[in-house]
Amino acid sequence: MAAVTPLLMTQGLSRSFGGLKAVDGVDFAITEGEIRAIIGPNGAGKTTFVSLVCGRIQPSSGKVFLDGRDISRMPAHRRVRAGIAYTFQITSIFPNLTVFDNVALAAQRHLLDEKASRFSTHALQRQSMEALEKVGLISHAGKRAKNLSYGHQRLLEVAMGLALRPRLLILDEPTQGLSDGEIEGFIGLVREISSSASTVLLIEHNMDVVMALATRITVMEQGRILAEGTPEEIRASEEVQQAYLGSAA
Amino acid sequence: MKGVNARALWLHLAVLAGFFALNFLLPEYHRGIFSRVMVLAVFALGYNVAFGYTGLLSLGHAMFFSAGLYGAGLTIYHLDWGVWPAFGAGLVAGVALAVVVGFLALRTTGVAFMIVTLMFAQVFYLTTLYFTTYTRGEEGLVLPQASRVLPLPGVEVSLTDPAARYMTALALLAIVLLALLVLVRSSFGRALVAIRENEERMRMLGYDVFTNKLAAVAVSGLACAAAGAAYAVLFGYVGSGFASIQYSILPLLWVLLGGAATTLGPIIGTLFMFYVVDTTSSYTSAYMLVVGLALILLVLYFPKGIVGTVRERWLPWLP
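Residues numbered from 1 in each chain as written. Chains lettered and ligands numbered in written order. Predicted model: local features only at pLDDT ≥ 70, side-chain atom pairs only at ≥ 80, totals over all residues.

A count of helices and strands for chain B gives 14 helices and four strands. Compactness check: chain B gives a C-alpha radius of gyration of 19 Å against a globular reference of 20 Å for 319 residues, within 12% of the reference. For chain B, the spread of C-alpha atoms along the three principal axes comes to 55 × 45 × 45 Å. Looking at chain B as a whole, 46% of its 319 residues qualify as buried. Sequence-distant contacts, at least 24 apart, represent 76% of the contacts inside chain B between residues at least 6 apart. (Helix = DSSP H or I, 4+ residues; strand = E, 2+ residues; numbered from the N terminus. Rg over C-alpha atoms; globule rule 2.2 N^0.38 Å. Buried ≥ 20, exposed ≤ 12 C-beta atoms within 10 Å, placed from the backbone. Contact = placed C-beta atoms within 7 Å.)

And the structure:
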């Protein structure tokens, strides 16, 4: 496994809030094309960890590498442009803008950065509609985002992530608050995203979703990585069952 | 004019054509008021870039207006500069000040941003008083008529002539209005609105929020300085009063009245407010009471301002 440079790697990544070590010396690596799920009990440091990765908060110590390049000191907006997209745990959209404009803002950023092709309204239109089509919101394009149902707002957030054409898409509890039918559709969507070039890092509580999607699973507890492996390995691990599922199982 | 829809463009051209026609229709007194309103409307348009579109509530924009005013006025009065270079000096002074103040003030947000901009503007105001030897403070400087001549290709226009003054003010208004129309429909303009709506989300879409805000303050400062510099050369008076807190609050009121984040709102708001003051002050010395009442009623019943309400209820395509 030494030959391949991981897409994203962290070394001794830590963050304390006062006396609490929310993330404590995490060494983590994800290779291109994976769908990685991070699971763990509430307060295990999952969201803090991905926030450190995408630069929303600064680490107390440790390093983050993208393609082997140290990006620890890069501000969040430049990390996004380097290919790390983050979708918020608590839905964060532009409620007063139309669904199309929400996605177009993401596509616009990506298009402005492409030096080869000049920015054009046509390309903006096409890429935004593509992203909306993937999540199935194309018929809502003209609506104001605040008038969408909660589930659709979650999907809009994913569409914004997609329109950035990221190399690593971080989804923070994307299925929270979705209906069973919506979750079904969401699983298909993530499979499609992953097959078309993006690597996916998923924080998820719903174990059915995790087992259906993840190629590998990382288990966190109290700011540390407790275990890591394929879904089968994790399911079989006694350590994980004790920490996460309770010892009864 | 990519990105600007044809209807909006025609509407703006029609408004400008209307102002052009009024030069020949208005009685002398009202033509004078309109000249002044057009220059101050440019001030309001500039303020709207920061406040309306980007959501930066500044209480210090008087300093950008008066940077333009003094930049043009002092160079004409003390250095005998011509109108064009003096106007240029006003613009440079305004933009430079906006970039410096923006760089420092944008480290804060919300109420703190209001206070910091207010303090900077007070410093600017007190500075104009401190250098009374050069500015003559509140009393101000009257620019000599002979220096207020605008050289154009083939003709020298005296800006003391009412028609020339009106047309120069209109030209400035037209340039700034159309430039802002293009700006707010550009990718930059859309980014500013989105920053106003959800700053954190914009950062996580890869936008450099600070730089975009700083650029907005610079553009805003440029337009306000253009208004100030034009005011100096058109009306020939430069005084500290324009740097006082009153001139930071007025553009806020004009924009709120007309409609924040609308291109035509600031013009309507400035015109409306000017006439409310003008009309009521001819009846009573307590005219500010009436103005205050009018403002309260407007905010109660038209919280989005005049043009903002029109856009919301009838014409959603208004930029």
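From this point on, the discussion continues.
This brings us to the confidence of the model for chain B. Here chain B averages 92 in pLDDT, and 99% of its residues register 70 or above. Across the assembled chains, the prediction reports ipTM 0.87 with pTM 0.90. (pLDDT = per-residue confidence, 0-100.)

For the rest of this paragraph, the subject is the domain arrangement of chain A. Residues and elements named next belong to chain A. Domains assigned within chain A are domain 1 (1-83 + 167-249) and domain 2 (91-165). Contacts between the two partners involve 12 residues from domain 1 and, on the opposite side, 10 residues from domain 2. For the side of domain 1 that touches domain 2, the elements supplying multiple residues, two or more each, are helix H2 (76-82), strand E7 (168-172) and helix H6 (180-195). The element that contributes the greatest number of residues to the side of domain 1 that touches domain 2 is H6, accounting for four residues. (Domains from an automatic or database assignment.)

Next up on the list: the nonpolar core. Side chains of a nonpolar character, in soluble globular proteins, are inclined to be buried together. In this structure, Val-103 and Ala-159 of chain A together with Val-42, Ala-225, Ala-226 and Ala-227 of chain B are the most contacted members of the largest nonpolar core, which totals 169 residues. Each of domain 1 (1-83 + 167-249) and domain 2 (91-165) of chain A gives at least three residues to this core. (Core = buried A, V, L, I, M, F, W, Y, C linked by C-beta atoms within 7 Å.)

Attention shifts here to the interface of chain B and chain A. Of the residues lining the interface, 15 residues belong to chain B; the matching set on chain A comes to 19 residues. Elements supplying a minimum of two residues to the side of chain B that touches chain A: helix H8 (187-197) and helix H9 (199-203) of chain B. For the side of chain B that touches chain A, the leading source of residues is H8 of chain B, giving four residues. Residues belonging to the side of chain B that touches chain A are distributed by class as follows: four nonpolar, four polar and seven charged. (Nonpolar A, V, L, I, M, F, W, Y, C, P; charged D, E, K, R; others polar.)

Attention now moves to helix H2 (residues 28-53) of chain B. Residues and elements named next belong to chain B. Over its 26 residues, H2 extends 36 Å from the first C-alpha to the last, a length consistent with the 38 Å expected when each residue adds 1.5 Å. At Tyr-47, H2 shows its largest kink, close to 35°. Within H2, 19 of the 26 residues are buried, leaving the element largely enclosed by the surrounding structure. Of the residues flanking the end of H2, it is Gly-55, one or two places downstream, whose phi is positive at about 75°. (Expected span 1.5 Å × (residues − 1). Bend = angle between axes of the 7 residues up to and from the residue.)

Another aspect to go through is the sheet that holds strand E3 (residues 35-39) of chain A. Pairing between sheet strands relies on hydrogen bonds along the backbone, with the strands arranged either parallel or antiparallel. Residue and element names in this part refer to chain A. Taken in spatial order, the six strands make up an open sheet running E6-E7-E8-E3-E9-E10, and their pairing is mixed. Both edges of this open sheet fall to strand E6 (84-87) and strand E10 (224-229), since each of them pairs with a single strand only. Averaged over neighbouring strand pairs, the angle between their axes works out to 20° when direction is ignored. Here helix H1 (residues 46-54) sits on the sheet and contacts E3, E6, E7, strand E8 (199-203) and strand E9 (216-221); the angle it forms with E7, its principal contact strand, is near 150°. Set on the sheet, H6 makes contact with E3, E7 and E8; between it and E8 the angle comes to about 145°. (Pairing = 2+ DSSP bridges. Axes fitted to C-alpha atoms, helices over the stretch in contact; angles between N-to-C directions.)

Bringing unusual backbone geometry into the picture now. Residues and elements named next belong to chain A. Phi angles above zero are rare outside glycine, and Asp-67 is one such case at about 55°. Residue placement: Asp-67 occurs in the loop between strand E4 (61-66) and strand E5 (69-70). A residue is classified by how many C-beta atoms lie within 10 Å of it, and Asp-67, with 14 of them, is partly exposed. Even without a glycine there, the phi angle at Arg-165 is positive, about 50°. Following the sequence through the fold, Arg-165 ends up in the loop between helix H5 (150-163) and E7.

Turning our attention to the sheet that holds strand E2 (residues 20-30) of chain A. Taken in spatial order, the four strands line up as E2-E1-E4-E5 (chain A) in an open sheet, and their pairing is antiparallel. Looking at which strands have only one partner, the edges of the open sheet turn out to be E2 and E5 of chain A.

All names here are of chain B. Across the interface, H2 lies against helix H11 (residues 246-258) with an axial gap of 9 Å and an inter-helix angle of 80°. Taken together, the axis directions place H2 and H11 in an arrangement best described as roughly perpendicular. Together, Phe-43, Ala-44, Tyr-47, Asn-48, Phe-51 and Gly-52 of H2 and Pro-251, Leu-252, Trp-254 and Val-255 of H11 make up the contact between the two elements. Of the residues belonging to the contact of H2 with H11, the class tally is eight nonpolar, two polar and no charged. (Parallel < 35°, antiparallel > 145°, perpendicular 65-115°, else oblique.)

Attention now goes to helix H5 (residues 110-130) of chain B. Note that an α-helix has 3.6 residues per turn; residues three or four places apart therefore point the same way. Residues and elements named next belong to chain B. Here H5 spans 30 Å end to end across 21 residues, near enough to the 30 Å set by a 1.5 Å rise per residue. Buried within H5 we find Thr-117, Phe-120, Ala-121, Phe-124, Tyr-125 and Thr-128. Axial view of H5: buried residues confined to an arc of 140°, hence all on one face. Opposite its buried face, H5 presents the exposed residues Val-111, Ala-112, Leu-126 and Tyr-130, each directed more than 90 degrees away. Residues of H5 that are buried in the fold lie against helix H3 (62-79), helix H4 (83-105), helix H6 (132-135) and H11. (Arc of directions from axis to C-beta.)

Moving on, we come to the pairing of E6 of chain A. Residue and element names in this part refer to chain A. The alternating pattern of E6 places Ile-84 and Tyr-86 on one face and Ala-85 and Thr-87 on the opposite face, and all of these are buried. As judged from the four bridges shared by E6 and E7, these two strands associate in the parallel manner. Bridge pairing in E7 places Tyr-86 opposite Ile-170.

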